[in-house]
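The lines below spell out each chain.
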Amino acid sequence: MEGNLIKLSKGLDIHLQGKAEEKKIQLKSNGRYALVPDDFEGVTPKVVVKEGDKVKAGDALFVNKQYPDVKFASPVSGMVREVVRGERRKVLSIKVDADAQQVFTDFGKRDVGSMSGEQVINALLEAGMFGYINQLPYAVSTNPGVQPKAIFVSALRDKPLAADFEFEVAGQEQDFQTGLTALSKIAKTYLGVGVGSKLESMRDVDVNVFSGKCPAGNVGVQVNHIDPVNKGEVVWTIGDPTVVLFIGRLLNTGKVNLTRTIALCGSEITNPAYVDMLVGEELSTLLSNSYDASKSVRIINGNVLTGRPTTKEGYLGAHTSEITVIPEGNDADEMLGWILPRFRQFSVNRSYFSWLCGKKNYALDARVKGGERHMIMSGEYDKVLPMDIYGEYLIKAIIAGDIDRQEALGIYEVSPEDFALAEFVDSSKLELQRIVREGLNILRKENA
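Residue numbers run consecutively from 1 along every chain, following the written order of its sequence. A pLDDT threshold of at least 70 governs which residues receive local features in this predicted model, and a stricter bar of 80 or more applies before side-chain atom pairs are shown or counted, although totals over entire chains, interfaces and linings include all residues. The side-chain values count all of the structure's non-hydrogen atoms but skip hydrogen atoms and water molecules.

Q: What exactly am I supposed to notice about the overall build of the protein here?
A: Per the convention used, a helix needs a DSSP run of H or I reaching at least four residues, while a strand needs a run of E reaching at least two, with both numbered from the N terminus. A count of helices and strands for the protein gives 11 helices and 20 strands. For the radius of gyration, the atoms used are the C-alpha atoms, and the globule rule reads 2.2 Å times the number of residues raised to 0.38. Expected size for 448 residues packed as a compact globule is a radius of gyration near 22 Å; at 22 Å, the protein falls within 12% of this value. Along the three orthogonal principal directions, the C-alpha set of the protein runs to about 65 × 50 × 50 Å. Each residue is placed in one exposure class: buried if its accessible area under a 1.4 Å probe, protein chains only, is under 20% of its type's maximum, exposed if it is over 50%, and partly exposed if it falls in between. Counting every position in the protein, which comprises 448 residues, the buried fraction comes to 55%. By the convention used here, residues are in contact when the closest approach between their heavy atoms is within 4.5 Å. Considering only contacts in the protein between residues 6 or more positions apart, those separated by 24 or more positions represent 68%. Each accessible area is a Shrake-Rupley estimate made with a 1.4 Å probe; only the visible protein chains count as cover when residues are assessed. Of the roughly 20100 Å² of accessible surface on the protein, 48% is carried by carbon and sulfur atoms.

Q: Would you explain the packing of aromatic side chains in this entry?
A: Centre-to-centre distance and the angle between the planes together describe a pair of aromatic rings. For Phe, Tyr and Trp, where Trp contributes only its six-membered ring, two rings pair if their centres lie within 6.5 Å, and the inter-plane angle classes them as stacked under 30 degrees, edge-to-face over 60, or tilted in between. Counted under the stated rule, the structure contains 11 aromatic pairs. Aromatic side chains Tyr138 and Tyr412 sit 6.1 Å apart centroid to centroid with 80° between the ring planes, which places their arrangement in the edge-to-face category. Here Tyr138, found in the loop between β10 (134–136) and β11 (140–141), pairs with Tyr412, found in the loop between α9 (403–408) and α10 (420–425); they are 274 residues apart in sequence, far enough to count as distant. Side by side, Tyr138 and Tyr412 carry an identical accessibility label, which is buried. Arranged with centres 4.5 Å apart and planes meeting at 45°, the rings of Phe167 and Tyr274 form a pair that is tilted.

Q: It is not clear to me how unusual backbone geometry should be interpreted in this structure. Could you clarify?
A: As a rule of thumb, non-glycine residues mostly have phi less than zero, and peptide bonds are mostly trans rather than cis. For the bond from Leu136 to Pro137, the omega torsion is 5°, close enough to zero to count as cis. With respect to the secondary-structure elements, Pro137 resides in the loop between β10 and β11. Between Cys214 and the following residue, Pro215, the backbone shows a cis peptide bond with an omega angle of 10°. Summarising the element assignment, Pro215 is placed in the loop between β14 (206–211) and α4 (219–226). In this structure, Tyr138 is a non-glycine residue whose phi angle is positive, near 80°.

Q: Sorry, what's going on with the sheet that holds strand β8 (residues 78–85) here?
A: For sheets, the rule is that strands pair by backbone hydrogen bonds, running either parallel or antiparallel. Strand order in the open sheet made by the 4 strands is β3-β9-β8-β5, with antiparallel pairing throughout. The strands lining the two open edges of the sheet, one partner per strand, are β3 (32–35) and β5 (54–55). The rule for pairing is simple: two strands pair if DSSP sees at least two bridges between them.

Q: Would you mind going over a positive patch on the surface with me for this structure?
A: Surface patches are defined over residues having more than 30% relative accessible area and no salt bridge, joining like charges when they lie within 9 Å and nonpolar side chains (Val, Leu, Ile, Met, Phe, Trp, Tyr) when within 5 Å. Definition used for salt bridges: Asp or Glu carboxyl oxygen within 4 Å of a side-chain nitrogen of Lys or Arg. Charged residues are defined narrowly, with Lys and Arg counted positive, Asp and Glu counted negative, and His plus the chain ends left uncounted. Charge coordinates come from a single atom per side chain, which is NZ of Lys, CZ of Arg, CG of Asp or CD of Glu. A grouping of Lys46, Lys65, Arg85 and Arg89 is seen on the molecular surface, where their side chains present a positively charged patch. Position of Arg89 relative to the elements: it lies in the loop between β8 and β9 (91–98). Residue class for Arg89 comes out exposed when judged on its relative accessible area of 56%.

Q: I keep staring at the layout of surface pockets and nothing clicks. Help me out?
A: A 1.4 Å probe that fits into a set of points on a 1 Å grid over the protein atoms alone but cannot get out defines a cavity; an open set with protein on both sides within 12 Å along at least five of seven lines defines a pocket, and lining residues are those with an atom within 4 Å of a point. Grid points are joined across faces, edges and corners, and a volume is the space filled by probe spheres set on the points. Considering only enclosed or pocket space, the second largest pocket measures out at about 1000 Å³ in volume. The wall of the second largest pocket is formed by 38 residues, among which Gly42, Val43, Gln66, Val140 and Arg444 lie closest to the centre. Where the lining of the second largest pocket is concerned, the elements lending two or more residues are β4 (45–47), β11 and α11 (432–447). Sort the elements by how many residues they give to the lining of the second largest pocket and α11 lands first, with 4 residues.

Q: What am I meant to see in the side chain of Gln222 here?
A: Mapped onto the elements, Gln222 comes out in helix α4. Judged by its relative accessible area of 1%, Gln222 falls in the buried class. Pairing of N or O atoms within 3.5 Å defines a polar contact, subject to two protein rules: one partner must be a possible hydrogen donor and the other a possible acceptor, and residues neighboring in sequence count only if both atoms are side-chain atoms. Within the structure, Gln222 has its side chain in polar contact with the backbone oxygen of Ala216 (distance 3.2 Å). Look past the residues within four positions of Gln222 in its chain and what remains in contact with it is Val153, Ser154, Leu156, Gly192, Phe210, Ala216 and Gly217.

Q: Would you mind going over the pattern of salt bridges with me for this structure?
A: Pairing between side chains of opposite charge can happen when their charged atoms approach one another. Applying the stated criterion to the full structure yields 23 salt bridges. Measuring nitrogen to oxygen at the nearest pair gives 3.6 Å for the salt bridge that ties Glu41 to Arg437. Of this pair, Glu41 sits in the loop between β3 and β4 while Arg437 sits in helix α11; the two residues are 396 residues apart in sequence, bridging distant segments of the chain. Between Glu328 and Arg298 there is a salt bridge; the shortest N-O distance is 2.6 Å. Here Glu328 is found in the loop between β20 (322–327) and α7 (380–383), whereas its partner Arg298 is found in strand β18 (residues 297–301), with 30 residues between them in sequence. Here Glu328 falls in the buried class, since its relative accessible area comes to 17%. Shared partners join several salt bridges into a network, and the residues in it are Arg157, Glu168, Asp240 and Arg260.

Structure, rendered in structure tokens:
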């Protein structure tokens, strides 16, 4: 079906150097994998394997303590090497050494056309895939006990240097369609795409075309424009369209296949390109010769706005579609710092002269450039937040801990990533994404 066009006027595109070229590099894995429970927001893990256990690809490594039906599958077959714990025995990761010859648990092929919504949910629960679906309110991994009023999938990635999903899905359209059809059996499903997308022709879903700057691809922004969440309602969200491929592959083949196409990008990468990797794969093989190791760099699991800092010894995140490497900036020594005209640095409000250079790509580093200070009610968040909420007032209500105000100001509709750009332009240098996450966690406890 042809999609409805939704135009967004607010937002901000940050053009950075080092976008991945549409070609794939081949990697040979070193066989080290780890599943990180923190990749699944809101899940309290209970480990169901011991060190030395043999697992197949698709066997559960841990379950959600609150909803033990929700399992999380091993991306590979092999031996459980270690369960890494941190303070207060918090599970940080479960490491698996992969077999040379991969063995898969067979969950059986399904004909998605004849399945009911309940059968789809059970198939996902059985194969440890269900936890990849998130929900609003609270922006956490969802549970099978709630019936959502709708399901939203965003196939538009528009954050800086984001991996192009159209490039990833090429050749896998059948799996994508199967995944969408499966979701549509559970509840009415909406697919958000960009202008000119090949995915506009997908069946069994309501397609909406979003035109505008980043964060038009945020699934929360799309929900806000199509069917906002009110108190007491739940919608399921998939802001990471590769999850739909995971679901489609499972139903079409009966096997768990967590392969993702990753963009290796950023101004420090010598040859930015795409690469196929499994969720949880160690990053050292990918990063061994890809940048100048003598420089001080920030490696990010994800994109520059919402990703987490990692190292070569880190593991590919469950929802990560980019590995970004940018300069750390701790060796930047600028004479007369802010007073210079700065043609090479990006500024939202024309503080630097770079705006005279037209649209160009910048090599930005990881510095915050300034300390925290009082919030200035200048409306700067609103310019980059294309949602029908008062961003600055909501942040103040969260900091003040005023739950009634937060509810009135629409906290049930937002997720931390919706404030990523506001955090970037914020002259008060507040960690907005962390503040929103803490606010959501407190509300979730209160309402439980």
